[in-house]
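Each chain, letter by letter, is given below.
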Amino acid sequence: MREPYAGCSAERRATPRRYLMCPPAHFKVTYSINPWMDPAKPVDVPLAVAQWEDLRDRYRALGHTVEVLDPRPGLPDMVFAANGATVVDGRVLGARFAYPEREAEAAAHLEWFRAHGYPEVHEPVHVNEGEGDFAVTASYVLAGRGFRASPLSHGEAQEVFGRPVIGLDLVNPRFYHLDTALAVLDDNADEVMYYPAAFSAGSQDVLRRLFPDALIAEAPDAVAFGLNSVSDGRNVLIPQGAVGLFGPLRERGFVPVAMDLSELLKGGGSVKCCTLELR
């Protein structure tokens, strides 16, 4: 049972954001590098594009800016733009992918940042998959490890961003990236939601200590990719299947915005995977 929220539920304020997204023009599932991917299941590309456009348009309707990274043939997972880099205070730490199928995405992202005038663009030495592995709060950079990222990437991120990096061990292969198991709800107040069973016992203890008032997700909502959400401090764009989180979010003053990205879920990604925040 989820405990009732005892904190403040005053009206939240959205903060204008800038996001980088990549259309799924070449999206398909021809290989399997996570438990969600099944090459035997056909992908409806026009539907995937329509769902992606709905997400893009929703951000813009909420007052946010969406920059577009051009998709490239032969890179079907490039739609999951969050994996290509992490940006904090204008500093860019690029990605180094764990699987060769996605290696070329890293260079495409770095080219975009250099072409758009980012003065500090760092090509990583160690494996990290961008905001799939890193989540930024007011006080910390939370860093997942266990299935994709190298633990050595955590020290690298700390040197680039100059913020404390907190390592968290992922133990369930269905939650192979941090952004499938934890979402930042308010990055000005260190407010998060997460699914405890995705983490090791020690990492659960760390999360309880750092975020005692976190919203705790239950298994059905986690499996529905409910933690793969994006919040602007008020509006939480969340996969529509994670219905068990809608009420608790409203109790805390957030506005859940249900999104249908069912086609992209066939590649193991949803709202957050498609959205790289340009901080």
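Scroll up to find the structure this text is about.
Remember, it's a predicted structure, so these values are computed and weren't measured experimentally. (Residues numbered from 1 in each chain as written. Predicted model: local features only at pLDDT ≥ 70, side-chain atom pairs only at ≥ 80, totals over all residues. Heavy atoms only, no water.)

### Description of the side chain of E105
Move 1: Here E105 is to be found in helix α2 (residues 103–115).
Move 2: Taking the relative accessible area as the measure of exposure, E105 reaches 0% and is therefore buried.
Move 3: Side-chain polar atoms of E105 contact the side chain of R102, separated by 2.8 Å.
Move 4: Once you skip the residues sitting within four places of it in the chain, E105 turns out to touch L75, D77, M78 and F97. (Helix = DSSP H or I, 4+ residues; strand = E, 2+ residues; numbered from the N terminus. Buried < 20%, exposed > 50% of the residue type's maximum accessible area, 1.4 Å probe, protein only. Polar contact = N/O pair within 3.5 Å; in protein donor to acceptor, adjacent residues only side chain to side chain. Contact = heavy atoms within 4.5 Å.)

### Thoughts on the sheet that holds strand β9 (residues 182–186)
Move 1: The 3 strands lie next to each other as β9-β10-β11, forming an open sheet whose pairing is mixed. Two strands close off the open sheet at either side, each with one partner strand: β9 and β11 (215–216).
Move 2: Where strand β10 (residues 191–194) lies against β11, 2 bridges are found, and the strand directions are parallel. Its bridge partner being in β11, M193 is matched across the sheet by L215. (Pairing = 2+ DSSP bridges.)

### Let's talk about the side chain of Q51
Move 1: Tracing the sequence through the fold places Q51 in helix α1 (residues 45–61).
Move 2: Overall, Q51 belongs to the buried group, its relative accessible area being 5%.
Move 3: When near neighbours in sequence (up to four residues on either side) are disregarded, Q51 contacts D260, L261, S262, E263 and L264.

### A short note on the nonpolar core
Move 1: Formed by 33 residues in total, the largest nonpolar core has its most connected members in L142, L182, M193, F199, I238, L245 and L249.
Move 2: Elements with a contribution of two residues or more to this core: β8 (165–169), β9, β10, β13 (235–239) and α6 (246–251).
Move 3: In terms of residue count, the dominant contributor to this core is β9 (4 residues).
Move 4: With near-sequence residues (within four places) excluded, F199 lies in contact with L168, D169, L170, V171, L178, A181, L182, Y194, Q204 and L207.
Move 5: The next biggest cluster of nonpolar side chains, apart from the first, holds 24 residues, and it includes A48, L237, L264 and V271. (Core = buried A, V, L, I, M, F, W, Y, C linked by side-chain atoms within 4.5 Å.)

### Brief notes about the pattern of salt bridges
Move 1: The final tally for this structure, using the stated rule, is 20 salt bridges.
Move 2: With its nearest N and O atoms 3.6 Å apart, the salt bridge here joins D186 to R12. With D186 in strand β9 and R12 in the segment before β1 (18–21), this residue pair connects regions lying 174 residues apart in the sequence.
Move 3: Exposure remark for D186: the relative accessible area of 13% places this residue in the buried category. (Salt bridge = Lys/Arg side-chain N within 4 Å of Asp/Glu carboxyl O.)

### Topic: the sheet that holds strand β6 (residues 134–136)
Move 1: What the 3 strands build is an open sheet, ordered β6-β7-β8; its pairing is mixed. On the outer flanks of this sheet lie β6 and β8, each paired with one strand and no other. Put simply, the sheet's adjacent strands are angled 25° from each other on average, direction ignored.
Move 2: Pairing of β6 with strand β7 (residues 141–145), which is carried by 3 bridges, proceeds in the antiparallel orientation. Directly across from V136, in β7, lies its bridge partner V141. (Axes fitted to C-alpha atoms, helices over the stretch in contact; angles between N-to-C directions.)

### Some details on the state of the cysteines
Move 1: Evaluated as defined, the whole model comprises 0 disulfides.
Move 2: We note that C273 lacks a disulfide partner, and the nearest cysteine sulfur, in C274, lies 6.7 Å from it.
Move 3: Looking at C274, the relative accessible area reads 0%, which means it is buried. (Disulfide = S-S within 2.5 Å.)

Shape descriptors only; they carry no functional weight alone.
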